[in-house]
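Examining the three-dimensional arrangement
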Amino acid sequence: MLIKNKKKSQLKESDLTSESFYKKRRNLIKGIGFAALSLPLAKAASCKVFDLFGNDKKVDVFGNNVELEEASGAFKRSPLQFTKNTNFQSLTPLTPESKVIAYNNFYEFGVGKGDPAEFSQQFKVDPWSLTIDGLVDKPITLNYEDLLKTFDIEERLYRMRCVEAWSMNIPWLGFTLASLLKKAGIKSNAKFVRFETVYDPEQMRGQQSRFIGGSIDFPYVEALTIAEAMNPLVLLSVGLYGKTLAPQNGAPIRLVVPWKYGFKSIKSIVKITLTDKAPVNTWQALGPDEYGFFANVNPRVDHPRWSQASERFIGNGNVFQQKRRPTAMFNGYGEEVAHLYKNIDLTRYF
Ligand SMILES: Nc1nc2c(c(=O)[nH]1)N[C@H]1C(S)=C(S)[C@@H](COP(=O)(O)O)O[C@H]1N2
Ligand SMILES: [Mo]
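As annotated in an unreviewed UniProt entry, the protein carries the name Protein-methionine-sulfoxide reductase catalytic subunit MsrP and comes from Psychromonas arctica. As recorded by UniProt, the Sequence similarities (unreviewed entry) comment attached to the protein reads in full: "Belongs to the MsrP family." The record held by UniProt for the protein lists under Subunit (unreviewed entry) the comment "Heterodimer of a catalytic subunit (MsrP) and a heme-binding subunit (MsrQ)."

Take a look at the structure:
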């Protein structure tokens, strides 16, 4: 109903300023942000133990046991049925599974890279309830089984680029966000899609304490424009490496937006709301000068505290001894997405 509507993908700058501008002022007044943001980075950088571990499947980059399926009390991942999408199968080398499930950002479980795997193994994903509401023709609620059965699941190998300048290549399992939104029916006045992570402090230690959770005001929120959300690259992922997601990767369902910095790919989603107002995403609220709404991977727009021109790829072997490699505009997906930003100054709207 709206996918091919040209006007919709050509957002006006005024669409992006109203609510976010208000929030930015409010945050400056409250004085939150920068001190809080530097804490997790300092912690990550100080993890020198990384250097000691290479490709041993039994230990993660911290030296912890990462054969999670075999460890007692570990979360159980189930094999999934899927087809390989032949357009996205040629990415090499892949980041080893042992690292994809051990080196994570998921502040709901703590700010350290090893915290999500360490503190999420008892996380309950069934029952689960994902609601699609707001400016839709027909609100939908999916339970855990629906998530895995309503849509055909495909495998796609995607690059993932964190705003902290490290990257991975990951074989995701999932379905397109567009297929879900089409099912709900998008009303013509919808301009944005807002996503929300579960709020469950009892299960998520980072939600109990601002210190553990990196000063985030939970629940974690993310958003895309409708045109971005309908782009066929955007996945709702329910698994990786042939199996359902581990909690540390955002079980049971998370977003994957491969041309944007990793923080857009929100985990453990319970709510998807279509709206006509620009939502303020979590990192934008914390530090609007460091994290924008779009967060497109862009080697020409540096983070105020570090360069985005290159990245440390997490592959086989020692993560800190990898040669840095150049970062590609839109993380290499420009052909598919550059048209979305034709009229937008990406230096200003980063
Ligand atoms: N709810 C939630 N989603 C989140 C995050 C988070 O802290 N909370 N971290 C983001 C960041 S910064 C990155 S890089 C990716 C990491 O995904 P991965 O751990 O599965 O590789 O998840 C993103 N999604
Ligand atoms: Mo990230």
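Structure shown, so let's carry the discussion forward.
1. What about the overall build of the protein?
The number of helices and strands found in the protein is 10 helices and 13 strands. The buried share of the protein, reckoned over its 350 residues, is 58%. Long-range pairs, those at least 24 residues apart, make up 74% of the contacts in the protein between residues at least 6 apart in sequence. Of the roughly 15,300 Å² that the protein leaves accessible, carbon and sulfur atoms contribute 53%.

2. A closer look at the pairing of strand 2 (residues 129-134)
Of the strand pairs in this sheet, strand 2 and strand 3 (residues 140-143) are connected by four bridges, and their pairing is antiparallel. Considered in strand 3, the bridge of Ser-129 is made with Asn-143. In this antiparallel pair of consecutive strands, strand 2 and strand 3, the connection spans five residues. Bridge analysis of strand 2 against strand 11 (residues 269-275) gives four bridges, and the strand direction is parallel. If you follow Thr-131 over to strand 11, its bridge partner there is Lys-271.

3. Let's talk about the site of ligand 1
Lining the immediate environment of ligand 1, one finds 16 residues, of which Asn-104, Tyr-107, Glu-108, Thr-197 and Lys-267 sit closest. Thr-197 is positioned with one of its side-chain polar atoms (N or O) 2.9 Å from a nitrogen atom of ligand 1. Separating an oxygen atom of ligand 1 from a side-chain N or O atom of Asn-249 is a distance of 2.9 Å. When ligand 1 is considered free in solution it has 540 Å² of accessible area, and contact with the protein chains removes 98% of it. Assessed atom by atom at 2 Å from the grid points, ligand 1 resides in the largest cavity. Broken down by class, the residue content of the shell around ligand 1 amounts to seven nonpolar, six polar and three charged.

4. As for the sheet that holds strand 6 (residues 192-197)
Sheet architecture is open: five strands sit in the order 3-2-11-6-7, paired in mixed fashion. Strand pairing shows two members of the sheet lacking a second neighbour, strand 3 and strand 7 (221-225), which therefore form its edges. Pairs of neighbouring strands in the sheet enclose a mean axial angle of 15 degrees, with direction left out of account.

5. Looking at unusual backbone geometry
In this structure, Pro-93 follows Thr-92 across a cis peptide bond, with omega equal to -10 degrees. For Pro-93, the position within the fold is in the loop between strand 1 (83-84) and helix 4 (97-100). In this structure, Pro-252 follows Ala-251 across a cis peptide bond, with omega equal to 0 degrees. Assignment of secondary structure puts Pro-252 in the loop between strand 9 (243-244) and strand 10 (254-256). We note that Ser-268 has phi near 45 degrees; this positive angle belongs to a residue other than glycine. With respect to the helices and strands, Ser-268 occurs in the loop between strand 10 and strand 11. With a relative accessible area of 0%, Ser-268 lands in the buried category.

6. Some details on the pattern of salt bridges
In a structure, side chains of opposite charge can pair up when their charged atoms sit close to one another. Counted by the stated rule, this structure contains 13 salt bridges. With a shortest N-O distance of 2.7 Å, Lys-260 and Glu-228 are connected by a salt bridge. Pair noted here: Lys-260 is in the loop between strand 10 and strand 11 and Glu-228 is in helix 8 (residues 226-230), with a separation of 32 residues, a long-range link. Classification of Glu-228 as buried rests on a relative accessible area of 1%.

7. A word on the pairing of strand 7
Buried residues dominate strand 7, accounting for five of its five residues. Side-chain alternation along strand 7 places Val-221, Ala-223 and Thr-225 on one buried face and Glu-222 and Leu-224 on a second face that is also buried. Relative to strand 7, strand 6 runs antiparallel, the two being bridged by five bridges. When the bridges of strand 7 are listed, Phe-195 appears paired with Glu-222.

8. Notes on empty space enclosed by the protein
Per the stated rule, a full pass over the model turns up four cavities of 30 Å³ or more. Taken as a whole, the largest cavity encloses approximately 450 Å³ of empty space. What lines the largest cavity is a set of 31 residues, and nearest its centre among them are Asn-105, Phe-106, Tyr-220, Gly-262 and Phe-263. Elements that contribute at least two residues to the lining of the largest cavity include exactly helix 3 (34-45) and strand 5 (166-176). Looking at the lining of the largest cavity, its residues break down into 21 nonpolar, six polar and four charged.

9. Brief notes about the packing of aromatic side chains
Geometry of an aromatic ring pair is reported as the spacing of the ring centres plus the angle between the planes. Overall, the coordinates contain 14 aromatic pairs when judged by the stated rule. Their ring planes at 85 degrees and their centres at 5.7 Å tell us that Phe-192 and Phe-293 sit as a pair that is edge-to-face. Of this pair, Phe-192 sits in strand 6 while Phe-293 sits in the loop between helix 9 (282-286) and strand 12 (310-313); the two residues are 101 residues apart in sequence, bridging distant segments of the chain. The pair Phe-192 / Phe-293 is uniform in exposure class, with both members buried.

Rules of the game
- Along each chain, the written sequence defines residue order, and numbers are assigned to residues from 1.
- Chains carry letters from A onward and ligands carry numbers from 1 onward, assigned in written order.
- The predicted origin of the model limits local features to residues at a pLDDT of at least 70 and limits the giving and counting of side-chain atom pairs to 80 or more, whereas totals for whole chains, interfaces and linings rest on all residues.
- Hydrogens and water molecules were not included; the side-chain quantities draw on all heavy atoms of the structure.
- UniProt positions are given in the numbering used here, feature names are shortened, and annotations may be inferred rather than shown by experiment.
- Labels follow the DSSP assignment, with helices taken as runs of H or I lasting at least four residues and strands as runs of E lasting at least two, numbered in each case from the N terminus.
- Categorising residues by exposure relies on relative accessible area from a 1.4 Å probe, with only protein chains included: less than 20% of the type maximum marks a residue as buried, more than 50% marks it as exposed, and the intermediate range marks it as partly exposed.
- The contact criterion used is simple: two residues touch if any of their non-hydrogen atoms lie within 4.5 Å.
- Per-residue accessibility takes into account occlusion by the displayed protein chains alone, with areas from the Shrake-Rupley method and a 1.4 Å probe.
- Note on pairing: DSSP must find at least two bridges between two strands before they are called paired.
- Working definition: residue near molecule or strand if any one of its non-hydrogen atoms lies within 4 Å of it.
- By the criterion applied in these results, polar contacts are pairs of N or O atoms within 3.5 Å in which, for protein atoms, one can donate a hydrogen and the other can accept it, and in which residues neighboring in sequence qualify only through two side-chain atoms.
- Grid spacing is 1 Å over the protein atoms alone, the probe is 1.4 Å, and a cavity is where that probe fits but cannot get out, while a pocket is an open set with protein on both sides within 12 Å along at least five of seven lines and lining residues have an atom within 4 Å of a point.
- In this scheme, a molecule is assigned to a cavity or pocket if more than half of its atoms are within 2 Å of the grid points.
- Lys, Arg, Asp and Glu make up the charged group, whereas Ala, Val, Leu, Ile, Met, Phe, Trp, Tyr, Cys and Pro make up the nonpolar group; the residues left over, Gly among them, are polar.
- Whenever a helix is involved, its axis is fitted only over the stretch in contact; in every case the axis is a line through C-alpha atoms, and angles between N-to-C directions fall within 0 to 180 degrees.
- A side-chain nitrogen of Lys or Arg and a carboxyl oxygen of Asp or Glu constitute a salt bridge if their distance falls within 4 Å.
- Grid points are joined across faces, edges and corners, and a volume is the space filled by probe spheres set on the points.
- Stacked, tilted and edge-to-face pairs are distinguished by plane angle, under 30 degrees for stacked and over 60 for edge-to-face with tilted covering the rest, among Phe, Tyr and Trp rings (Trp via its six-membered ring) whose centres lie within 6.5 Å.

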